[in-house]
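Residue-level structure breakdown
The lines below spell out each chain.
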Amino acid sequence: MRLIGSKFNENVSSSAPMYVYSLAQATSDKHIFGTSAEEQSDLSAYVYIDKSGNSYAIRNMNGKYGDKKAQSSDTRVDLSISVKSSDDKTFLVGPYWDDYKKGNIGKFDKDDKGAFQFSKMEDDVLKQYDVYSVTITGYDAATLTCNNSANGGLKTVYNGGSFFVKADTKLEESNFSATEVKGYDNPVSIDAKAKTIKVTYTLNLTGLVDEAKEAISHTSAGYPLEGSTSRTNLQNAINAANGTGDVQTKFTKLNEALDAYKNDKVVKMPEDGKVYLLTNVQIDGTCYHFSYSTGRLAAVKDKAKAAKFVCRVVNDKYVFVNADDGKYLVVAATGNSGTNGGKGYITEYNAQWANLTLSKNSMFSCFDIGGRRYTDAQKPNPADQFGNFIIDKKDGKFNGIGMTEYNKADHTTAFRLEEVTYPNTVTFNAVSDVEGVSHLATFSAPFATVIPTGVKAYYVSTADNSQATMKAVEGEAIPAKTGVLLTSESADAVTMVPATDETLATIENNKLGNSAGAAKTIAADDHAYILSAVDGQTAFYKGKVGTTLGMNKAYLTLNEAGAPEAISMNFGGNVTGINQIVNAEQNNAPVYDLTGRRVVRTVKGGLYIKGGNKFIAR
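These numbers were taken from a predicted model, which means no experiment stands behind them.

1. Things to note about helix α2 (residues 205-216)
- Taking 1.5 Å of rise per residue, the twelve residues of α2 would be expected to cover 16 Å, and the 16 Å separating its terminal C-alpha atoms lies within 8% of that figure.
- Looking at α2, one finds that the buried residues are Leu205, Leu208, Val209, Ala212, Ala215 and Ile216. Taken down its axis, α2 places every buried residue within 125° of arc, on the same side.
- Where α2 is buried, its residues contact β21 (202-203), α3 (229-241) and α4 (247-262).

Printed below as a string of structure tokens:
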């Protein structure tokens, strides 16, 4: 089918026609046929002509029919095809049809300028293919895609469409994928003899219940609040679906409740100290994870490379700190624009860049994340300096956008925050042998952290073969990669949150090492002492070479000759009990090692038991 006369494209003529071809997908249901100066090289170059009595219909290879204004229709529509000129076999179609914006056959008022010619597919071309007709029932908007390379026509068709597959090709159900519809099964069946492919959509209440249960199981950032109406209604619908009653009614009510739950705009926001993966979600489900694996902020498909971000809420804004190295997340602008050469991070907190905004995105469980992305010099107008993160689907590259939601087929501003575990929650151990201290723990982190209310932080200012002297940390925050001891009057765990503009403590000559950001395997030259309690005695005990200290902990380092097995702690004059028993060896009671075996001779620095008390041999 070709256009040789046009009201809207005066360059069209019989010597310079516009060839009509089948578009793979309808464009807003207004354009299902395209036009090109060159004839298509594949089978999309053809259309179907149906004749019933004196009326005609023109069908796209994808199964859609064109109506009297070239808009798509799911069913056959009679068209008025009249002879314009018998000499050159020219016809009027509609006669509304014409080239639209020099690229699509479109919708127009009645006009007789659009002139078309038709030519039949050559038999030798048709003989090269097996033509499979597609029937889709149960869901009108569904499509079927053929991924077999032998398919010479359109890859995606609607109900009534056709696949042109090279003759004698054996097709498998795995060659096809039908539109996924929530709560429906959609098996594909092939009849090679009849050359038909069928997709039958049937209700799957069990599948919908499983989907609803999975959706309601989430209570973290991006999901409706616990106790919300949408959550309550969805749970009630799940309960009803598992009970007795009409399947269609239960399906409909559960489907409605699930949609309402997914469209609820009031959701849980990120929380102080919680740790998240930030994942861009494309409309088709493609995901890209924020990562610093390349040295700058990037979006990668490999989840194993995803960065973990610790959240801090500041005046209704959100600060995200990379848990691995303490970098503050900032909006990654295109190219090298923005702060720090567009690397997507800054190493020191700066509110105008690090304080980000989060708003609910229309995609389920997702947020728009925005902030400043240009300097004053780059964009003098303040309104142009801010924008949301937006990522291209094809390659995960950052694009440019303002502070708006933008979810399109080729890029989105939708980000899901997945909560993950991370050791920035401190659990205290109760101690009874340290005067003035009831609960104790060690801590370190790759980023500066705020000292929680009710908690005191200490570092070791000096240490010798008998004791380690603690010095209180002066300041609001603990510097990054700094080992400390934390004390609390309460047994309640505390979550350590990233520091922003808090005053950092100055810590000099700290004898505490740290495992900030990664677990540490004790080596001989570490001379490490680990905080622990042995038989109720709290002290730093010599670490066994080859053992592992967990991430974000602290340990004492003591490189002195004749170092003992244990070092007591002195909190400003309050010494741990182990120092109070070091002279127990002076009586004549038998001596035992910690396994209960009696010993005749002690070794200097060794820990022993005598008279029911522990002592360190001198």
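We are not done yet, so read on.
2. Here we look at the nonpolar core
- Val426, Val473 and Leu486 are the most contacted members of the largest nonpolar core, which totals 34 residues.
- Every element with two or more residues in this core is listed here: β22 (275-281), β25 (309-314), β26 (317-322), α5 (351-354), β37 (439-443), β39 (455-463) and β42 (484-488).
- With three residues, the top contributor of residues to this core is β39.
- Residues contacting Leu486, with those up to four places away along its chain left out, are Val426, Phe428, His439, Leu440, Ala441, Phe443, Val455, Lys456, Ala457, Ile478 and Met496.
- Ala299, Leu358, Phe367 and Ile391 belong to the second-largest nonpolar core, a separate cluster that totals 27 residues.

3. Side note on α4
- The terminal C-alpha atoms of α4 lie 22 Å apart, and with 16 residues this matches the ideal 22 Å at 1.5 Å per residue to within 8%.
- All buried positions along α4 are accounted for by Lys250, Phe251, Leu254, Asn255, Ala257, Leu258 and Tyr261. The arc enclosing the buried residues of α4, seen along the axis, measures out at 165°, which places them on a common side. Residues of α4 that are exposed and point more than 90 degrees away from the buried face comprise Lys253 and Glu256.
- Where α4 is buried, its residues contact β18 (184-185), β21, α2 and α3.
- Where α4 begins, the capping side chain belongs to Asp246, and its oxygen is found 3.3 Å from the backbone nitrogen of Gln248.

4. Topic: the pattern of salt bridges
- Within this structure, the stated rule accounts for 16 salt bridges.
- A salt bridge links Lys182 to Asp259; its shortest N-O distance comes to 2.4 Å. Of this pair, Lys182 sits in the loop between β17 (176-178) and β18 while Asp259 sits in helix α4, and the two are 77 residues apart along the sequence.
- Between Lys274 and Glu419 there is a salt bridge, with its nearest N and O atoms 3.7 Å apart. Of this pair, Lys274 sits in the loop between α4 and β22 while Glu419 sits in strand β34 (residues 415-420), placing them 145 residues apart in sequence.
- According to the relative accessible area criterion, Lys274 is partly exposed, its value standing at 26%.
- For Glu419, a relative accessible area of 36% corresponds to the partly exposed category.

5. Here we look at the sheet that holds strand β19 (residues 188-191)
- Strands sit in the order β16-β13-β20-β19 across an open sheet of four strands; the sheet is mixed. Edge positions in the sheet fall to β16 (162-166) and β19, since each of these pairs with one other strand and no more. Sheet twist, expressed as the mean angle between neighbouring strand axes with direction ignored, is 25°.
- In this sheet, strand β20 (residues 196-200) lies alongside strand β13 (residues 129-137) in parallel orientation, the contact comprising five bridges. By the bridge assignment, Thr135 is partnered in β20 with Lys198.

6. Considerations on the pairing of strand β23 (residues 287-291)
- Burial within β23 is extensive, with four of its five residues counted as buried.
- By the bridge criterion, three bridges tie β22 to β23 in an arrangement that is antiparallel. When the sheet's bridge partners are listed, Asn280 is paired in β23 with Tyr288.
- Between β22 and β23, which pair antiparallel in sequence order, lie five residues; one of them, Gly285, sits at a positive phi of approximately 95°.
- Bridge analysis of β23 against strand β24 (residues 298-300) gives three bridges, and the strand direction is antiparallel. The partner of His289 across the bridge, within β24, is Val300.
- As consecutive antiparallel partners, β23 and β24 are separated by six residues, and within that stretch Gly295 has a phi angle of approximately 95°, a positive value.

7. With respect to unusual backbone geometry
- The peptide bond linking Gly94 to Pro95 adopts the cis configuration, its omega dihedral lying at 0°.
- Summarising the element assignment, Pro95 is placed in the loop between β9 (90-93) and β10 (99-100).
- Unlike most non-glycine residues, Asp316 shows phi in positive territory, near 65°.
- Locating Asp316 in the fold gives a position in the loop between β25 and β26.
- The class for Asp316 is exposed, based on a relative accessible area of 69%.

Cut-off values and rules
Residues numbered from 1 in each chain as written. Predicted model: local features only at pLDDT ≥ 70, side-chain atom pairs only at ≥ 80, totals over all residues. Heavy atoms only, no water. Helix = DSSP H or I, 4+ residues; strand = E, 2+ residues; numbered from the N terminus. Expected span 1.5 Å × (residues − 1). Buried < 20%, exposed > 50% of the residue type's maximum accessible area, 1.4 Å probe, protein only. Arc of directions from axis to C-beta. Contact = heavy atoms within 4.5 Å. Core = buried A, V, L, I, M, F, W, Y, C linked by side-chain atoms within 4.5 Å. Polar contact = N/O pair within 3.5 Å; in protein donor to acceptor, adjacent residues only side chain to side chain. Salt bridge = Lys/Arg side-chain N within 4 Å of Asp/Glu carboxyl O. Pairing = 2+ DSSP bridges. Axes fitted to C-alpha atoms, helices over the stretch in contact; angles between N-to-C directions.

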